[in-house]
Amino acid sequence: MNKRDFIKQLGGAALLSPFLALPQYPLEESQTPYPKNEDAFWQRIREDYYLKPDYINLENGYYNFIPKPTMEKYIRHIHMVNYEASYYMRTVQWENKDKVRDRLAQLVGASPEELIITRNTTESLDMIIGGYPWQKKDEAIFAQQDYGAMKDQFGLVAKRFGVVNKVVSLPNHPASDEEIVSLYESQITPRTKLLMVCHMVNITGQILPIKKICDMAHSHGVEVMVDGAHCVGHIDVNIAELGCDYYGSSLHKWLSVPLGSGMLFVAKKHIAKIWPLFADHTDEVPEIRRLNHTGTLPVHTDLAIDDAIDYLENIGLQRKEDRLRYLQRYWSDAVRNVEHIVVNTPVDPHRSCGIANVGIAHMKPADLAKSLLEEYNIFTVAIDYANVQGCRITPNIYTTTKELDAFIIALKTLANRV
């Protein structure tokens, strides 16, 4: 029995076991249709989320928790895998995973033969950093503002192989794309092998000119690895158009897949040279699955990727991107010129989307986050390193302008406490 037939059967009355009956709380799908009117549409979307009433959640960047329609299907996958057990694992497990991978590849503009499903961006990119054929005194380039786990992995290969790491610092408010491109280019030498760059900087939300960086790096014979942790399901990602060599993302972020889901793209010409993290029987074959020996995993999470893409397509990626950018600009434009408030995200609309970072000049980021939560019931995360002092603000598509109004008032009030 294939997955889809089983789910249809599970949704009806074919399986009578009380153990297999879906929980009635809190997993009840809404039957309310999505209206076309924009305000009503997003208010209806809000109904798809179980929101904790204790606080306004403006920290969706870590984990974009699952909307009801996806959660409902995810629970059904768990029941199905548990019901079929070893039969499922020994028959259609890999076929289903391949189908999901193919659809994911289509979403991100990649060839299925160049993409694997992983657990997160850290696993994806550390796989490349750790498996790259380094030679002593080879050089790598990355930024202070990059994610810590990958910087730590570069530190590890420096100790193990003698790799020289060269670190740049990104300006929060670049004057042009060329300023960013030249910053990376200034560090390239004949020994440079790999350049890591964020598609969207996780602590500020700044979107970097990836294609221009790739074109520049390739002109020097340097490969480019892109950290797209916050991009898939957030903005339109077309890996083929970007022209990068490696791309990793976390699907439990803006695509709203259950926790523990990511992806890795490796350009076909590089697959054979990357040393696998774990040995696989396909190691002699130059295909990407040689990098994807995972052992036994919660396969129902892989199946939920398909459902998350369904949900995204019901909304429309461009519509979602526009909404996230609108929400960010709604609050950030309201405070950019307020005394003592510092927005650490570029003002140009194309240089950011849903994520931004804001600080108050006389407050430490940790104190700002604490005050927002304790005084105003607004949950954020403090950032205090790499030239960024403030709180990262990540609304989600369920966020209302009324909630952002409360946030704006809180920021202005705290800024006046001099």
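Conventions used here
Residues numbered from 1 in each chain as written. Predicted model: local features only at pLDDT ≥ 70, side-chain atom pairs only at ≥ 80, totals over all residues. Heavy atoms only, no water. Phe/Tyr/Trp six-rings, centres within 6.5 Å; stacked < 30°, edge-to-face > 60°. Helix = DSSP H or I, 4+ residues; strand = E, 2+ residues; numbered from the N terminus. Buried < 20%, exposed > 50% of the residue type's maximum accessible area, 1.4 Å probe, protein only. Lys NZ or Arg CZ within 6 Å of the ring centre and 35° of its normal. Contact = heavy atoms within 4.5 Å. Expected span 1.5 Å × (residues − 1). Arc of directions from axis to C-beta. Pairing = 2+ DSSP bridges. Axes fitted to C-alpha atoms, helices over the stretch in contact; angles between N-to-C directions. UniProt positions renumbered as here; feature names shortened; annotations may be inferred. Patch = residues over 30% accessible without salt bridge, like charges linked within 9 Å, V, L, I, M, F, W, Y side chains within 5 Å. Areas by Shrake-Rupley, 256 points an atom, 1.4 Å probe, with all protein chains shown as cover. Salt bridge = Lys/Arg side-chain N within 4 Å of Asp/Glu carboxyl O. Lys, Arg positive; Asp, Glu negative; His and termini not counted. Charge placed at Lys NZ, Arg CZ, Asp CG, Glu CD. Domains from an automatic or database assignment. Buried area = accessible area lost by both parts, 1.4 Å probe.

Participant: Can you help me understand the packing of aromatic side chains in this one?
Facilitator: Geometry of an aromatic ring pair is reported as the spacing of the ring centres plus the angle between the planes. Scanning all chains against the criterion turns up ten aromatic pairs. Relative to Tyr-330, the ring of Tyr-326 lies with its centre 6.0 Å away and its plane at 50°, an arrangement referred to as tilted. Taken together, the positions of Tyr-326 and Tyr-330, both in helix 13 (residues 317-335) and four residues apart, correspond to about one turn of that helix. Its relative accessible area of 28% is what places Tyr-330 among the partly exposed residues. Three or more aromatic residues joined by ring pairs form one cluster here, namely Tyr-34, Phe-41 and Trp-42. Geometry around Tyr-50 places Lys-68 over its ring, the cationic atom sitting 4.5 Å from the centre. One Lys or Arg, Arg-319, reaches over the ring of Phe-41 and ends 3.5 Å from the middle of that ring.

Participant: Can you help me understand the environment of Tyr-147 in this one?
Facilitator: If you trace the backbone, Tyr-147 turns up in the loop between strand 3 (139-143) and helix 7 (148-161). Remark: the alpha-carbon pair of Tyr-147 and Asp-227, spanning 80 residues in sequence, is separated by 8.4 Å. Residue contacts for Tyr-147: discarding those within four places in its chain leaves Thr-122, Asn-202 and Asp-227.

Participant: What should I look at first to understand helix 7 in this one?
Facilitator: Residue pairs spaced three or four apart in an α-helix point in one direction, given the helix's 3.6 residues per turn. Under the 1.5 Å per step criterion, the end-to-end length of helix 7 is 20 Å for 14 residues, consistent within 8% with the ideal 20 Å. All of the buried residues along helix 7 are Met-150, Gln-153, Phe-154 and Val-157. The buried residues of helix 7 occupy an angular sector of 100° when the element is viewed end-on, so they sit on one face. Those residues of helix 7 that are exposed and angled more than 90 degrees off the buried face are Asp-152 and Lys-159. Gly-162 sits one or two residues past helix 7 and shows a positive phi near 80°.

Participant: Help me understand the sheet that holds strand 8 (residues 262-266) in this model?
Facilitator: Strands pair in a sheet through their backbones, by hydrogen bonds, and they do so in one of two ways: parallel or antiparallel. Pairing within the open sheet is mixed, and its seven strands lie in the order 2-8-7-6-5-3-4. Here the strands that pair on one side only, and so sit at the sheet edges, are strand 2 (115-118) and strand 4 (164-168). In this sheet, neighbouring strand axes are inclined to one another by 15° on average, regardless of whether the strands run parallel or antiparallel. Sheet analysis places strand 6 (residues 223-227) next to strand 7 (residues 246-250), joined by three bridges and oriented parallel. For Asp-227, the partnering residue across the bridge sits in strand 7 and is Gly-248.

Participant: How should the UniProt feature "domain: Aminotransferase class V" (unreviewed entry) in the chain be read in this particular structure?
Facilitator: When the UniProt feature table is mapped onto this chain, "domain: Aminotransferase class V" (unreviewed entry) is found at residues 95-380. Here residues 95-380 is 40% helix and 16% strand, with 40 Å between the C-alpha atoms at its ends.

Participant: Quick question: what am I supposed to make of the sheet that holds strand 10 (residues 356-360) here?
Facilitator: Spatially, four strands are ordered 9-10-13-12 in an open sheet, and the strand pairing comes out antiparallel. This sheet does not close on itself; its edge strands, each paired only once, are strand 9 (341-343) and strand 12 (381-385). Each strand axis lies, on average, 35° off the axis of its neighbour in the sheet, ignoring direction.

Participant: What is the right way to read a positive patch on the surface from this model?
Facilitator: On the surface, Lys-136, Lys-137, Arg-191 and Lys-193 cluster together into a positively charged patch. Looking at where Arg-191 falls in the secondary structure, it is placed in the loop between helix 8 (177-185) and strand 5 (192-198).

Participant: In this structure, what is going on with the domain arrangement of the chain? I would like to understand it.
Facilitator: Often, the extent of an interface is quoted as the loss of accessible area on bringing the components together. Taken as a whole, the chain is organised into domain 1 (76-312) and domain 2 (316-415). Each side of the interface is counted separately: domain 1 has 24 residues, and domain 2 has 30 residues. A buried area of about 2,300 Å², summed over both sides, lies between domain 1 and domain 2, and 54% of it is on carbon and sulfur atoms. Together, Asn-172, Ile-203 and Trp-254 form the three largest contributors to the area buried by domain 1 at its contact with domain 2, with a combined 26%.

Participant: Looking at this structure, I do not really get the pairing of strand 8. What am I missing?
Facilitator: Every regular strand shows the same layout, with side chains that alternate between the two sheet faces. Within strand 8, five of the five residues are buried, which leaves the element mostly enclosed by the surrounding structure. With burial as the criterion, each face of strand 8 is covered, one bearing Gly-262, Leu-264 and Val-266 and the other bearing Met-263 and Phe-265. Of the strand pairs in this sheet, strand 2 and strand 8 are connected by four bridges, and their pairing is antiparallel. Opposite Thr-118, over in strand 8, you have Gly-262 as the bridge partner.

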